[in-house]
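# Coordinate inspection notes
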Amino acid sequence: MAMEIIEPGLLTTVQDMGRTGCGALGYSTNGACDKYSMKLANLLAGNTDRMEQAAVLEFTMKGGVIRFTSSYVLALAGADMAPVMNGNPVPMYAPVPVKAGDILILGMALSGMRCYLAVRGGIGVPLIMGSRSTDLKCHLGGYGGRALKKGDVLEAGPEQGDAVGWDFLSGENGLRFLAGEDEPWFRIPSSHYSYRGMERRLVLRTVPGPQEEAFTPYGIETFTHSNYCLSHQCDRMACRLTGPAVETKGGSDMISDGIVEGSVQISSDGMPMIMMADHQTTGGYAKIGTVVSTDIPALAQLRPGDGVVFRFISVEEGIEACRKEYRKIQWLKERMCME
């Protein structure tokens, strides 16, 4: 199967779980910003045994127009971009059969920021250093190391194994199961929200350190008791926030050391910056904490102006949050395999 890009959208790239083990060589991890939605899309498209390895398309803020050249199965998860196939609405979080000549249109996101399109077999691009993800800075991986353009043609990868759960999910009972309540629990990452009046703010569970000692007690209290908003300086590399400045003991500059996705650097002006999928491998600002990986998908769906608050948790609590997220995905996978 092939997909022809008629319109690419604002920023459309090929992504998977990311390129791990290459940080010492200076290569970023990359991968999907919302890895939870990526895995859901793969599960629903039939990539049950390859939900972390099968590459998907990541659309940011605005989708595009795609023409399919043969029959296949796709699934969409994440931001709702009002998908339409041949003029008819297409459901999110459900397997969708397509045939040759079908045209899928994804518009501006009605909610969220990033939408993920998975196809049975995954997107067929070369495996480079263990990943098919696009590294935009190094022009590596994905489709020619760049964002998709008009006229690009993508092939689907080879199908591997059975499409476990397809008969169930495509049937009446399966579609009813996927629809569930107004907001089925398995669609939502295990994130929490706080409310102040009518304002909803994402609570980012954060493990303290590794340079917690670089900040004054007042600075730490400011960090954990203040409301912050996403600025317009947010991309796949980092989310820069605006709000009260975090006080340091002698400035936030330090000798560069390693950075991971979720690291919270405090810049020289006291503003927090949360590292995302395309983060650099090292950085020279002190890190006050690390957001647990299970809260990154919800952060990746926020828009500039949306609010967040930080809450310190222990390492043990962070591990339990990750286990809860894993159990949620496994429950859906096992339910598909049982039917």
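A brief structural summary. (Residues numbered from 1 in each chain as written. Predicted model: local features only at pLDDT ≥ 70, side-chain atom pairs only at ≥ 80, totals over all residues. Heavy atoms only, no water.)

The next point concerns the overall build of the protein chain. Within the protein chain one finds six helices and 21 strands. Across the 339 residues in the protein chain, those meeting the buried criterion constitute 53%. A separation threshold of at least 6 residues defines the contact pool for the protein chain, and within that pool the share at least 24 residues apart is 73%. With the model as given, the accessible surface of the protein chain reaches about 14600 Å², and the carbon-plus-sulfur share is 55%. (Helix = DSSP H or I, 4+ residues; strand = E, 2+ residues; numbered from the N terminus. Buried < 20%, exposed > 50% of the residue type's maximum accessible area, 1.4 Å probe, protein only. Contact = heavy atoms within 4.5 Å. Areas by Shrake-Rupley, 256 points an atom, 1.4 Å probe, with all protein chains shown as cover.)

Taken together, the buried positions of helix α4 (residues 217-225) are G219, I220, T222 and F223. On an axial view of α4, the arc spanned by its buried residues comes to 160°, and they lie on one face. The exposed residues of α4 that point more than 90 degrees off its buried face are P217, Y218 and H225. Close packing links the buried residues of α4 with β14 (228-234), β17 (263-266), β18 (272-275), β20 (287-291) and β21 (307-312). (Arc of directions from axis to C-beta.)

Before going further, it helps to spend a moment on the pattern of salt bridges. For the structure on display, the rule yields 10 salt bridges. One salt bridge in this structure joins D102 and K99, with 3.4 Å as the shortest N-O distance. Residue classification places D102 among the buried positions, given a relative accessible area of 6%. Among the ionic pairs, D278 bridges to R236, the shortest N-O distance being 2.9 Å. Of the two residues, D278 sits in the loop between β18 and β19 (282-285) while R236 sits in the loop between β14 and β15 (238-242), which places them 42 residues apart along the sequence. By relative accessible area, which is 6% here, D278 ends up buried. Overall, the relative accessible area of 4% leaves R236 in the buried class. (Salt bridge = Lys/Arg side-chain N within 4 Å of Asp/Glu carboxyl O.)

So, on to the sheet that holds strand β7 (residues 88-89). The six strands are arranged β7-β6-β9-β4-β1-β11 in an open sheet whose pairing can be described as antiparallel. Edge positions in the open sheet fall to β7 and β11 (153-155), since each of these has one partner strand only. Looking at chain direction, strand β1 (residues 2-7) and strand β4 (residues 65-68) are connected through four bridges and run antiparallel. Bridged to E4 within β4 is R67. (Pairing = 2+ DSSP bridges.)

Below, the discussion takes up the sheet that holds strand β8 (residues 96-98). Across the sheet, five strands lie side by side as β2-β3-β10-β5-β8; this open sheet has antiparallel pairing. Two strands bound the open sheet, and with one partner strand each, they are β2 (12-15) and β8. Mean inter-strand twist for the sheet, computed between neighbouring axes without regard to direction, equals 30°. (Axes fitted to C-alpha atoms, helices over the stretch in contact; angles between N-to-C directions.)

A complete count under the given rule lists three aromatic pairs for this structure. Relative to F312, the ring of F223 lies with its centre 5.8 Å away and its plane at 45°, an arrangement referred to as tilted. Taken together, the residues span a long stretch of sequence, with F223 in helix α4 and F312 in strand β21 at a distance of 89 residues. Ring geometry for Y228 and F310: centres 6.0 Å apart, planes at 65°, overall edge-to-face. In this pair, Y228 sits in strand β14 while F310 sits in strand β21, placing the two residues 82 residues apart along the sequence. Among the residues examined, Y228 registers a relative accessible area of 0% and is labelled buried. Overall, the relative accessible area of 2% leaves F310 in the buried class. (Phe/Tyr/Trp six-rings, centres within 6.5 Å; stacked < 30°, edge-to-face > 60°.)

On to unusual backbone geometry, then. Cis peptide bonds are those with omega within 30 degrees of zero, and the linkage from G209 to P210 qualifies with 10°. Examined against the element boundaries, P210 turns out to sit in the loop between β13 (199-208) and α4. If you check the backbone angles, M61 has positive phi at about 70° while not being a glycine. Following the sequence through the fold, M61 ends up in the loop between β3 (56-60) and β4. Judged by relative accessible area, which is 18%, M61 ranks as buried.

A few words now on the environment of H225. By the secondary structure assignment, H225 is in helix α4. Measuring from C-alpha to C-alpha, the distance between H225 and F310 comes to 7.4 Å, with 85 residues separating the pair along the chain.

Next up on the list: the pairing of β21. Here β13 runs beside β21; their pairing, made up of six bridges, is parallel. In the sheet register, T206 faces β21, and the bridge partner there is F312. In this structure, β14 lies alongside β21, joined through two bridges in antiparallel fashion. Within β21, the position partnered with C229 by the bridge is G307.

This next bit is on helix α1 (residues 35-45). A large share of α1 lies buried, amounting to 11 of its 11 residues. One side-chain oxygen of the residue at the start of α1 lies 3.2 Å from the amide nitrogen of Y36, identifying that residue as D34. Of the residues trailing α1, G46 is marked for its positive phi of about 105°. (Polar contact = N/O pair within 3.5 Å; in protein donor to acceptor, adjacent residues only side chain to side chain.)

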